[in-house]
Amino acid sequence: MMPHRRKMRRSRSRTGDMRGNPRRRSICPPPLHTVKCATIVCRKVEKQKEKSLEKVDSFRDNSLEKVDGFVYDREDDRARRKIAMLKRKIEQRLAEWKNTANRKPLIIKGCRQCGKTFSVLDFAKKNYKHVVYLNFFENPDYASVFSGSLEIDNIVMMLSALLGSAAVFEAGETVLILDEIQDCPEARTALKFFRIDGRYDVIGTGSLLGVKGYGREPKSIPVGFETVIDMYPLDFEEFLWANGVGAPVIEMLKKSLEAETPVPDALHSRMKQLLLQYVVVGGMPDAVQTFVDTKQMDEVLRIQRDIVRSYEDDMVKYAERKDKSRIKECFQSIPKQLAKENKKFQYSVVKKGSTAAKYAGSLQWIEDAGIISRCYNLSITELPLDGNAEEDVFKVYMKDCGLFVSMLEDGTQYDILQGNLYGYKGAIFENLIADIFSKMGRKLYYFHKDSGLEVDFVIRYKGECTLVEVKASTGNTKSTKTILRHPEKYHVSSAIKLGDYNVGRADQILTLPLYMAFLLRTL
């Protein structure tokens, strides 16, 4: 019976879709070796399909979700359902991309488990008549579709043979989603030909794109034929949305910032509470939704540590052999690096006697994977910041503050929520601001001199070089005041102090509550 079903499916894929409708575009018969390859792959995929629920033609049934061409009941797949509920800023970026004339194939880069797949599938379901989804990590056999000719008609034919009615290609109405595209370099190369052809939209997602040692490099990266967007875990504003804080409240905060007037006490107290919750929960979608649904911090911590372990597994599994242990050592040293009074990243802290020559590539691997952000020291406090950065003097922060806190000892989450921050207070709240700034797309800089001057962050704000001091509670800003007293030397005339304050100003220093850092977007 099984061979008969395969035969029928192949026959229909050549002449029409599963409903018997004729194909819109004729496709030339494939070479003999291509047919054999498709047949072998179809048999493998057919076995996977027998273990799944029946296929459907679209995402239109609200109670069902289609992944890899199969149907899953959302009530039975709680994690998928939950993460899809979170409102993400990437939705607006995707809409802008789709509304662009002559758009290029889109690549969305980001660390593992930051919500790329769910956001793309949800967008595709709402905006396209047909969605064809391939996950190269879960189904390596799909890569064979791109192993031969990359002519678009040939790829369409192969996918139709492979997926049957789950692969409907209609010009202007179909989007092809290539999930974990780094596992199929030829698919990345094919984006150029999809761009030239222009009939179908293509969105690729990748967790380890360009990471040294991961897979094979594409024969040709389609420079000029693709649009690349970086995606991050939820930022603080998205966390606020998830916790029921809407646009009117955020607008009120913006007006308070612009007018430099205090935030009303009730709102100020609530925002401080939400910020402490964000510090320990962070922005990984599964952790955020679990917190919103249950408020069970032990479950949130379990999820976070599972994610950290999966990152460490990636380091061991995918890095080059000589780098495996070094990458993991660099990663595990981050809490110790930030616990120091001088938070400059030191390779000797990774391992006694180690040097940049031995470990620099390992740190770069972690950064390329989207797990950390570097904060570079400035030789002088003036614009352009990038031109004054010292490439070999930097601090390292976790991209997500919740994952950083999960790497600390048990009980840290409780201490933070109670406001008891102890010795890690500088590290925790610096990493929080690094999280907020980096997720809004800012590059990170700080200023340190051997004379003792040190400012936590330096940003471009409203067209000026602006100092940013971070205080977990309250504290002095000796270095900032020294710099502001000598504009002829340091070229700085304004500063922002973030801490346990309400909005206020003292001469050149604007004082803001820590939770307002996410509003400092103006360049």
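Residues numbered from 1 in each chain as written. Predicted model: local features only at pLDDT ≥ 70, side-chain atom pairs only at ≥ 80, totals over all residues. Heavy atoms only, no water.

Novice: Please clarify how the overall build of the chain should be interpreted in this entry.
Specialist: Secondary structure assignment for the chain yields 21 helices and 16 strands. Counting across all 523 residues of the chain, residues that qualify as buried make up 54%. Just so you have it, the chain exposes about 23700 Å², and 50% of that area is on carbon and sulfur atoms. (Helix = DSSP H or I, 4+ residues; strand = E, 2+ residues; numbered from the N terminus. Buried < 20%, exposed > 50% of the residue type's maximum accessible area, 1.4 Å probe, protein only. Areas by Shrake-Rupley, 256 points an atom, 1.4 Å probe, with all protein chains shown as cover.)

Novice: Would you take a moment to explain the side chain of K395 for this structure?
Specialist: If you trace the backbone, K395 turns up in strand β9 (residues 389–398). The class for K395 is buried, based on a relative accessible area of 0%. Among the polar contacts listed, one links the side chain of K395 to the side chain of Y397, at a separation of 3.2 Å. Beyond its immediate sequence surroundings of up to four residues, K395 is in contact with K343, K344, F345, S373, R374, C375, E430, Y446, E454 and D456. (Polar contact = N/O pair within 3.5 Å; in protein donor to acceptor, adjacent residues only side chain to side chain. Contact = heavy atoms within 4.5 Å.)

Novice: Sorry if this is basic, but what is going on with the nonpolar core here?
Specialist: Most often, soluble globular proteins have nonpolar side chains that are buried together. Within the largest apolar cluster, 124 residues are counted, with the highest numbers of intra-cluster contacts made by F236, I433 and F437. Beyond its immediate stretch of four places on either side in the chain, F437 contacts R442, L444, F457, I459, V468, A517 and L520. (Core = buried A, V, L, I, M, F, W, Y, C linked by side-chain atoms within 4.5 Å.)

Novice: It is not clear to me how the pattern of salt bridges should be interpreted in this structure. Could you clarify?
Specialist: Pairing between side chains becomes possible if they bear opposite charge and their charged atoms approach one another. Inspection of the entire model under this criterion finds 29 salt bridges. A salt bridge links E430 to K395, with the nearest nitrogen and oxygen atoms 3.4 Å apart. Of this pair, E430 sits in helix α19 (residues 425–439) while K395 sits in strand β9; the two residues are 35 residues apart in sequence, bridging distant segments of the chain. Overall, the relative accessible area of 7% leaves E430 in the buried class. Where salt bridges share partners, they join K89, D235, E237 and R521 into one cluster. (Salt bridge = Lys/Arg side-chain N within 4 Å of Asp/Glu carboxyl O.)

Novice: I'm lost on the packing of aromatic side chains in this one. Help?
Specialist: One pair of aromatic rings is described through two measures. These are the centre distance and the angle between the planes. Scanning the model with the defined rule gives 13 aromatic pairs in all. With 5.2 Å between their ring centres and 75° between their planes, F169 and Y200 make a pair best called edge-to-face. In this pair, F169 sits in the loop between α6 (152–163) and β5 (174–179) while Y200 sits in the loop between α7 (185–197) and β6 (201–206), placing the two residues 31 residues apart along the sequence. With respect to class, F169 is no different from Y200; both count as buried. Measuring from centroid to centroid gives 6.1 Å for F447 and Y490, while their planes differ by 75°, and the two rings are edge-to-face. One end of the pair, F447, is in strand β10 (residues 444–448); the other, Y490, is in helix α21 (residues 487–490), with 43 residues separating them in the sequence. Taken as a pair, F447 and Y490 share a single burial class, namely buried. One aromatic cluster is present, built from ring pairs that chain together F236, F239, Y278, F291 and F518. Cation over ring: K395 sits above F457, and NZ or CZ is 5.9 Å from the ring centre. (Phe/Tyr/Trp six-rings, centres within 6.5 Å; stacked < 30°, edge-to-face > 60°. Lys NZ or Arg CZ within 6 Å of the ring centre and 35° of its normal.)

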